[in-house]
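Okay, here's what each chain looks like letter by letter:
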Amino acid sequence: MPAPLSDEQNRLDREALLDAAERLFYERGIQAVGMDEIRAASGLPLKRIYRFFAAKEDLVVAMLKRRDQRWRGNLAAHVEQVPDPRERVLAIFDWLAEWFAEPGFRGCAWINAYGELGASSEAVLAEVRSHKQAFHDQIAVWVHAGGLPVTEPVFLLAEGAIVTAGISGDPTPARHARAAVATLLGTP
């Protein structure tokens, strides 16, 4: 009988599984990727994968939750290093422009998941809505610190830039959205 796996090994295996799933789902789409491909990419047997996540939907939700923490954390780290509150709001769009220019950028993972599964998976829909609300709330904090009531336009410009860049494959929408927000903020 094999020795039981340590908590650390379980954590490492779960992370490897989520890494593989995230990469494949983001590159190719959730429905296009089968569990055998995730098994091969993660190096874990299917039986072990299903011990972590009973269904593919559970894996998708866990991947989106983890990506949300990293994505919003990276955004916050970039934005919060800017001392001026109004410039901080503009820094959102500078970070988006860098993200859009990364190799392999395929748009918003949550919009992509919604497009594939939003109508058929309440769990995925809930996770997409949770991410979008958290992103909205994050923007609201930075906008309110700047003293202007423009959270909704800033949020919509960010979301529009993300979707447009994802579809066009061009990072320019971040620059256009930034210019529109600068106008809203009265910042040259």
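Asker: Go over the packing of aromatic side chains with me, naming the residues and quoting the values.
Answerer: Enumeration over the complete set of coordinates arrives at 9 aromatic pairs. When the ring of W71 is compared with that of W95, the centres are 5.2 Å apart and the planes differ by 80°; the resulting orientation is edge-to-face. Here the residue W71 occupies a position in helix 4 (residues 56-79), and W95 occupies one in helix 5 (residues 85-100), the gap between them amounting to 24 residues. Between W71 and W99 the ring centres are 5.5 Å apart and the planes differ by 70°, which places this aromatic pair in the edge-to-face class. With W71 in helix 4 and W99 in helix 5, this residue pair connects regions lying 28 residues apart in the sequence. In textbook terms, an aromatic cluster arises when at least three aromatic residues are bridged by ring pairs, as seen for W71, W95, W99, F100, F105, W110, F135 and F155. Across the ring face of Y26, the terminal group of R67 is positioned such that the distance to the ring centre comes to 4.3 Å.

Asker: Give a detailed account of the side chain of D68, specifying residues and quantitative values.
Answerer: Positionally, D68 belongs in helix 4. The class of D68 is buried, set by a relative accessible area of 5%. Those residues in contact with D68 that lie beyond four places of it in its chain are G73, W110 and H131.

Asker: Any details on the environment of Q69? Residues and values, ideally.
Answerer: Take Q69: it is sitting in helix 4. Residue Q69 is classed as exposed on the basis of its relative accessible area of 54%. A sequence separation of 65 residues divides Q69 from A134, and the C-alpha atoms of the two residues are 9.9 Å apart. There is a polar contact of 3.4 Å between the side chain of Q69 and the side chain of D68.

Asker: Requested: an account of the packing of helix 4 against helix 6 (residues 109-117), with residues and values cited.
Answerer: Relative orientation of the contacting elements helix 4 and helix 6 amounts to 160°, with a least axis distance of 11 Å. When the axes of helix 4 and helix 6 are compared, the pair comes out roughly antiparallel. For the element pair helix 4 and helix 6, the recorded crossing hand is left-handed. Contact with helix 4, carried on its side by V60, L64, R67, D68 and W71, involves A109, W110, A113 and L117 of helix 6 and no other residues of that element. Partitioning the contact of helix 4 with helix 6 into residue classes produces 7 nonpolar, no polar and 2 charged.

Rules and cut-offs
- Residues numbered from 1 in each chain as written.
- Predicted model: local features only at pLDDT ≥ 70, side-chain atom pairs only at ≥ 80, totals over all residues.
- Heavy atoms only, no water.
- Phe/Tyr/Trp six-rings, centres within 6.5 Å; stacked < 30°, edge-to-face > 60°.
- Helix = DSSP H or I, 4+ residues; strand = E, 2+ residues; numbered from the N terminus.
- Lys NZ or Arg CZ within 6 Å of the ring centre and 35° of its normal.
- Buried < 20%, exposed > 50% of the residue type's maximum accessible area, 1.4 Å probe, protein only.
- Contact = heavy atoms within 4.5 Å.
- Polar contact = N/O pair within 3.5 Å; in protein donor to acceptor, adjacent residues only side chain to side chain.
- Axes fitted to C-alpha atoms, helices over the stretch in contact; angles between N-to-C directions.
- Parallel < 35°, antiparallel > 145°, perpendicular 65-115°, else oblique.
- Left-handed = near helix turned anticlockwise from the far one by under 90°.
- Nonpolar A, V, L, I, M, F, W, Y, C, P; charged D, E, K, R; others polar.

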